[in-house]
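Listed below are the residues making up each chain.
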Amino acid sequence: MAAALQVLPCLVRAPFRQLIWGAPMARLASGVALAEHAQQLFESAVGAVQPGPMLQKALSLDPDGRTLKVRDRSFQLRQNLYLVGFGKAVLGMAAAAEELLGQHLVQGVISVPKGIRAAMECAGKQEMLLKPHSRVQVFEGAENNLPDHDALRAALAIQQLAEGLTADDLLLVLISGGGSALLPAPIPPITLEEKQMLTKLLAAHGATIQELNTMRKALSQLKGGGLAQAAYPAQVVSLILSDVVGDPVEVIASGPTVASAHNVQDCLHILNRYGLRAALPRSVKTVLSRADSDPRGPHTCGHVLNVIIGSNMLALAEAQKQAELLGYRAMVLSTAIQGDVKSVAQFYGLLARVAGARLISSTAGASVEEDAKLHELAAEFQLPDLKLEEVLEAVAEARGPVCLLAGGEPTVQLHGSGKGGRNQELALRVGAELGRWPLGPIDVLFLSGGTDGQDGPTEAAGAWVMPELTIQAAAEGLDVATFLDHNDSYTFFCRLQGGAHLLYTGPTGTNVMDTHLLFLRPQ
Ligand SMILES: Nc1ncnc2c1ncn2[C@@H]1O[C@H](COP(=O)(O)OP(=O)(O)OP(=O)(O)O)[C@@H](O)[C@H]1O
Ligand SMILES: O=C(O)[C@H](O)CO
């Protein structure tokens, strides 16, 4: 996520019906229908991963009202239950926990994105809000998804609560994506500003979330098991909504309740990889130099139960179901799309071409080389769950409209100073790829959207494109390559047809990475 969650006007849908393209009316109508379906499916994906229902599935109270059940484990409640949380989906998780636990909850502290309560109120999402006299104290912070002084205050309050617990207590920890920025507790003498600077630098160089969080864990008091350590000897139950490919509990929000398996050498490798070792502040060097000789030793987390309560997979499964209801043959390609946004865009461009050719049984479509290149790219991504061949075979048999779904989080290396996000940049790059070759008698649409509703430091969740994009842009005097050079995808989409290709949801109150939808429909 990105910009402070602003209170968007309550209705901010892209005005699909206002599209005026140079295409014949029938073509226009079918394009608009695809775009409407795309938006509908994106919304259904987000709807399936609302924090409240996912928490309710993981937690229950026994009929006696004194035993808390978390999956197959039971915990006795006797005025000993505390709650902390941090992340973009945590407000809704906390509201659901409060509803369920009522008087059992003694005290809580959560750290959530700036403006989220106002945004949820504006969106009429009462179920995401805490009760008026809640026992849970709320801190809002981390503007632009960067650790700030408000988030630092929240982290201190959370640390204090955890440190005050005894062996009789139970601490419920609510964790979701964005949690790293919302729980900053730099190890002295590192300052918040230094940590912010390093995080920004690593992200701008295209560091993966695994790399970013390995660094964060080494420089923080609460990450990498630090929070669990602070709460010891209380029992700790962490309920985690995953926004990382493969749901690794040690990476999500930098694993505050998971012992870190990384050492200083891992950090130095990362810094070397991005040429950032020389740029390190002295304080960071100091902390790294003494990390492996920390007298407290590595954090132990035997008193912790970590439970994943939801992920991108649920969102895609719902969108797939809805796509089938709309008449598409729908297939999930992967829930683990990662890699540089340029390669990912090339992959989707080739996929549209290869799958499109198979759909209309066209021998004039994709060449053998393109087919080979698609598979080569797929192999490079090393995605554990990619079903490329299976999906292509199913497309060849489909004979009707097809919707391919994927989830994940590509990375963008920032070279320009423009405004954008990885979803809008991916969509713009895919649009450019789709326009490179004629695709035959087939309608194609690609949408990329962040399930948190905010893509980079912009107010949009993402964007959708069709093969006509480059031509439409040129007609409006917009050069796609120039906008891409400046990482200026948001400005581009704002200007193109008055912003009609932007996906606006406002903050969704959840966060399970990004959703990619590729529609192929024979004309
Ligand atoms: N101008 C831009 N163009 C393209 N991508 C950008 C631009 N500015 C920032 N980004 C990308 O946006 C991402 C940060 O966005 P955001 O804060 O939404 O991330 P996030 O992954 O949703 O956060 P989290 O994982 O903590 O929930 C980074 O990957 C960054 O490279
Ligand atoms: O907060 C974070 O670290 C990212 O969102 C990944 O979970």
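Predicted model only: the values in this text are computed from it and were never measured. Once a new chain begins, its residue numbering starts again from 1 and follows that chain's sequence as written. Whichever chain is written first becomes A and whichever ligand is written first becomes 1, with later ones labelled in order. Reporting in this predicted model follows two pLDDT cut-offs: at least 70 for local features of residues, and 80 or more for side-chain atom pairs to be given and counted; totals over whole chains, interfaces and linings ignore these cut-offs and use all residues. Hydrogens are left out, water is left out, and the side-chain values use all remaining heavy atoms of the structure.

Some words on the environment of G400
Turning to its location among the elements, G400 is positioned in the loop between helix 15 (388-398) and strand 11 (402-408). Looking at G400, the relative accessible area reads 16%, which means it is buried. A sequence separation of 22 residues divides G400 from A378, and the C-alpha atoms of the two residues are 25 Å apart. Among all residues touching G400, those that are not within four sequence positions of it are L359, L520 and P522. Here a helix means four or more residues in a row that DSSP labels H or I, a strand means two or more in a row labelled E, and each is numbered from the N terminus. With a 1.4 Å probe rolled over the protein chains alone, any residue whose accessible area is under 20% of its type maximum counts as buried; one over 50% counts as exposed, and the rest are partly exposed. Every residue pair with non-hydrogen atoms within 4.5 Å of one another is taken to be in contact.

Overview of helix 16 (residues 422-434)
By this rule, a helix spans an expected 1.5 Å times one less than how many residues it contains. Counted at 1.5 Å a residue, the expected span for helix 16 with its 13 residues is 18 Å, and the 18 Å between its end C-alpha atoms agrees. With 11 of 13 residues buried, helix 16 is to be regarded as a mostly interior element. Every buried residue of helix 16 is accounted for by N423, Q424, E425, L426, A427, L428, R429, V430, G431, E433 and L434.

What to know about the packing of aromatic side chains
Pairing of aromatic side chains here covers Phe, Tyr and the six-membered ring of Trp, requires ring centres within 6.5 Å, and sorts the geometry by plane angle: under 30 degrees stacked, over 60 edge-to-face, intermediate tilted. Applying the stated rule across the entire model yields six aromatic pairs. Ring centres of F347 and F381 lie 5.6 Å apart, and the angle between their planes is 75°; this geometry places the pair in the edge-to-face category. Taken together, the residues F347 in helix 13 (residues 341-359) and F381 in helix 14 (residues 368-381) connect sequence positions 34 residues apart. Each of the two residues, F347 as well as F381, counts as buried. Following the ring pairs from residue to residue traces out a cluster consisting of F347, Y348, F381 and F446.

Digging into the site of ligand 2
Whether a residue is near a molecule or strand depends on its heavy atoms: if one lies within 4 Å, it is near. With respect to spatial proximity, the complete set of residues near ligand 2 consists of G177, G178, G179, S180, I209, N213, R216, D243, V244, I252 and A253. Between N or O atoms, a polar contact is any pair within 3.5 Å; within protein, one atom must be a potential hydrogen donor and the other a potential acceptor, and residues adjacent in sequence are included only when both atoms are from side chains. Between an oxygen atom of ligand 2 and a side-chain N or O atom of R216, the distance comes to 3.4 Å. When ligand 2 is considered free in solution it has 230 Å² of accessible area, and contact with the protein chains removes 91% of it. Counting residues per element, the ones that place at least two in the shell around ligand 2 are helix 6 (179-182) and helix 8 (209-219). For the shell around ligand 2, the element with the most residues is helix 8, which contributes three residues. For the area figures, the Shrake-Rupley method with a 1.4 Å probe applies, and any residue is considered shielded solely by the protein chains shown.

Considerations on the sheet that holds strand 7 (residues 170-176)
The strand order 6-5-4-7-8-9 describes an open sheet built from six strands, whose pairing is parallel. Two strands in the sheet have a free side with no partner beyond their single neighbour: strand 6 (136-141) and strand 9 (304-310). Here the average twist between neighbouring strands, direction ignored, is 15°. In this description, strands pair whenever DSSP reports at least two bridges between them. Relative to strand 9, strand 8 (residues 235-241) is paired through six bridges, and the arrangement is parallel. Looking at the pairing, L241 lines up with G310 of strand 9. Note on geometry: axes are C-alpha line fits, over the in-contact stretch for helices, and angles between N-to-C directions span 0 to 180 degrees.

Points about helix 12 (residues 312-325)
Taking 1.5 Å per residue as the helical rise, helix 12 with its 14 residues ought to reach 20 Å, and the 20 Å between its terminal C-alpha atoms agrees with that figure. Along helix 12, the positions that sit buried rather than exposed are N312, A315, L316, E318, A319 and A323. All buried residues of helix 12 lie within an arc of 160° about the axis, which places them on one face of the element. Counted as exposed and oriented over 90 degrees from the buried face of helix 12: M313 and L325. Immediately beyond the C-terminal end of helix 12, within one or two residues, lies G327, with a positive phi of roughly 100°. Here, the arc refers to the directions that run from the helix axis to the C-beta atoms.

Some thoughts on the environment of T505
Along the chain, T505 turns up in the loop between strand 14 (502-503) and strand 15 (514-522). Given a relative accessible area of 28%, T505 falls into the partly exposed group. Each C-alpha atom of the pair T505 and L227 lies 33 Å from the other, and the pair is 278 residues apart in sequence.

All quantities given are derived from atomic positions and should not be read as evidence of function.
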